[in-house]
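Coordinate inspection notes
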Amino acid sequence: MKIARIETFQVPPRWLFCRIETDDGLVGWGEPVVEGRAEAVRTAVETLAEYLVGQDPLRIEDHWQVLTKGGFYRGGPVLSSAVAGIDQALWDIAGQAYGVPVHALLGGPVRESVRVYAWVGGDEPDEVADEITAQIEAGFTAVKMNASGRVSPMPGPAEVDAIVRRVATAREVLGPERDVAVDFHGRFTPAGARRVLDGIAPLHPLFAEEPLLPEHGHLLPRLVAGTNVPVATGERLYGRAEFLPALQAGIAVAQPDLSHAGGISEVHRIASLADTFGVLLAPHCPLGPIALAASLQVAFATPNFLIQEQSRGIHYNRSADLLSYVLDPEPFRFTDGRAHRTPLPGLGVRVDEAAVRAADSTAHKWRNPVWRHDDGSFAEW
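Note that the structure is predicted; figures quoted are calculated from it, not measured. Sequence positions are assigned chain by chain, starting from 1 and proceeding in written order. Where local features are concerned, this predicted model is filtered to residues with pLDDT of at least 70; where side-chain atom pairs are given and counted, the filter is 80 or more; whole-chain, interface and lining totals use all residues. Hydrogens are left out, water is left out, and the side-chain values use all remaining heavy atoms of the structure.

Now for the overall build of the protein chain. On a plain count of helices and strands, the protein chain comes out with 12 helices and 14 strands. A radius of gyration in this sense is built from C-alpha atoms; the matching globule rule multiplies 2.2 Å by the number of residues raised to 0.38. Here the protein chain has a C-alpha radius of gyration of 20 Å; the compact-globule value for 381 residues is 21 Å, and the two agree. We get accessible surface area from the Shrake-Rupley algorithm with a probe of 1.4 Å; when it comes to residues, only the shown protein chains can shield them. By element, 52% of the accessible surface of the protein chain is carried by carbon and sulfur atoms, the whole surface being about 15,100 Å². Charged residues are defined narrowly, with Lys and Arg counted positive, Asp and Glu counted negative, and His plus the chain ends left uncounted. For this purpose, a charge sits on NZ of Lys, CZ of Arg, CG of Asp or CD of Glu. In the protein chain, the 34 positive side-chain charges and the 48 negative ones have mean positions that sit 3 Å from each other. Strands are runs of DSSP state E lasting at least 2 residues, helices are runs of H or I lasting at least 4, and numbering of each runs from the N terminus.

Set out below in structure tokens:
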């Protein structure tokens, strides 16, 4: 069996899919994308395809080594994401070739279901209450919300109070038996993050996500030591070497993205590394169905797994949704806030190829917004 063809498809709302076909007709799908830089990743996949076409698709680890290291210059979001999507597709082919789900190839399942959370937006407390109530009625037991929109790097009393009031509203609606996670999105300075963490600590968030920018990782130890809020990070870290300092800093939750951090192969290793530090895994995934399917396969086989992000109803998905490009929604049918294990081979997702090809004919050009403070200076999004 040899790799015969590799194609990419740039589909709304902001995704990039990768299709790998073998000479005996097997097809694997992956999701290699950097949100807002899909074209760059698409070009990277095309470059890597020059090496892969004609190769045995089942030599996944060897291909991962060559693709990540064979070009001399290594790492970064574009290359790591291109490799991630290819890696997902190769695991999808391997599962189909052996007739088993990917999690069976990772050592077998350690759980029958995976807890997932829903995103809620809303800048005002009453909006938060309404949106969380809707998610509870849909069966979810956990939600995640942004700490703020555009905000001062060193938030003042009014800004901190507004954040705390919104999280307090979430806690009131959820009650003590459900969870709220709070995403800082790297919008605060370390001192600003400490102020906000102090304010929300009595509300017992499940975790505070990305309280610092990734380039400020050397400041994580002091921040973690100064709060009892579990700190999570990792969506902008792309491999084991980058996660190691964060794990040493004492984070509670590692959040690698299956479409950014080298795919199934590397995230499975990151999870094992995190386990040696007593850190739980909560993969980042505000993306499409293939990325989520890959994330769930890892979750089913990972002992130190905590919870899975998913994009149903997320505010980014205006022109397409999680189910827009799949033939069978069953793997993404959540009951009681959980995704359930299926015996479907490979990634367990059936892609609607006709819909994907049609969507790619009018490829999106999604870009994240550029925010500015009141004085005109750049603001972190």
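Now, onward.
Here helix α11 (residues 289–300) contains 12 residues, and its C-alpha end-to-end distance of 16 Å stays within 8% of the 16 Å for a straight helix at 1.5 Å per residue. Only protein chains enter the calculation, and the probe is 1.4 Å; a residue is then buried if its accessible area is under 20% of its type maximum, exposed if over 50%, and partly exposed in between. The buried fraction of α11 amounts to 12 of the 12 residues, a majority that puts the element mostly inside the structure. Among the residues of α11, P289, I290, A291, L292, A293, A294, S295, L296, Q297, V298, A299 and F300 are the ones counted as buried. By this rule the span expected of a helix is its residue count minus one, scaled by 1.5 Å.

Below, the discussion takes up the sheet that holds strand β1 (residues 3–11). Here a strand pair is declared whenever DSSP counts at least two bridges between the two strands. Strand order across the open sheet formed by 3 strands is β1-β2-β3, with antiparallel pairing between neighbours. The sheet terminates laterally at β1 and β3 (27–30), the two strands that pair on one side only. Strand after strand, the sheet turns through a mean of 20° between neighbouring axes, direction not considered. The contact definition used throughout considers only heavy atoms, calling two residues in contact when any of these lie within 4.5 Å. Between N-to-C directions, angles span 0 to 180 degrees; the directions come from axes that are lines fitted to C-alpha atoms, helices contributing only their stretch in contact. In the packing of helix α3 (residues 77–98) onto the sheet, the strands contacted are β1, β2 (15–22) and β3, and the crossing angle to β3 comes to about 145°.

Salt bridge, as used here: a side-chain nitrogen of Lys or Arg that lies within 4 Å of a carboxyl oxygen of Asp or Glu. In the structure shown here, the tally under the stated rule is 24 salt bridges. E7 is the salt-bridge partner of R5, the closest N and O atoms lying 3.7 Å from each other. Note that R240 is salt-bridged to E266, the shortest N-O span being 2.9 Å. Linking R240 in helix α9 (residues 240–249) with E266 in helix α10 (residues 263–275), this pair joins segments that are 26 residues apart in sequence. Accessibility expressed as a relative area gives 32% for R240, which makes it partly exposed. In this structure, a network of salt bridges that share partners links the residues R5, E7, R19, E21, E353 and R357.

This part takes up the packing of aromatic side chains. For Phe, Tyr and Trp, where Trp contributes only its six-membered ring, two rings pair if their centres lie within 6.5 Å, and the inter-plane angle classes them as stacked under 30 degrees, edge-to-face over 60, or tilted in between. Overall, the coordinates contain 8 aromatic pairs when judged by the stated rule. Their ring planes at 20° and their centres at 6.2 Å tell us that W15 and F17 sit as a pair that is stacked. Under the relative-accessibility criterion, W15 is labelled buried at 0%. Residue class for F17 comes out buried when judged on its relative accessible area of 0%. Ring centres 5.0 Å apart and planes at 85° place the aromatic pair F72 and Y73 in the edge-to-face group. Take F72 and Y73: they sit in the same class, and that class is exposed.

Turning our eyes to something else, we now look at the pairing of β3. Alternating residues of β3 divide into V27 and W29 and G28 and G30, and every residue in both groups is buried. When β2 meets β3, the two strands line up antiparallel, connected through 4 bridges. Bridge assignment links E21 to a residue of β3, and that residue is V27. Connecting β2 to the next strand, β3, in antiparallel fashion are 4 residues, including G25 with a positive phi near 95°.

Cysteine sulfur atoms are paired as a disulfide whenever they fall within 2.5 Å. For the coordinates displayed, the defined rule picks out 0 disulfides. Cysteine C18 remains unbridged, with the sulfur of C285 as its closest cysteine sulfur at 16 Å. Classification of C18 by relative accessible area gives buried; the value is 0%.

What follows covers the nonpolar core. Among buried residues, the Ala, Val, Leu, Ile, Met, Phe, Trp, Tyr and Cys ones that are joined through side-chain atoms within 4.5 Å form a nonpolar core. F17, I20, I86, F184, L220 and I264 are the most contacted members of the largest nonpolar core, which totals 100 residues. Tallying contributions element by element places α11 first for this core, with 9 residues. Apart from residues no more than four positions distant in its own chain, I86 is found in contact with C18, I20, V45, L48, L52 and L67. Core analysis: the next-biggest nonpolar cluster, separate from the first, contains 9 residues, Y117, A181, A282 and I307 among them.

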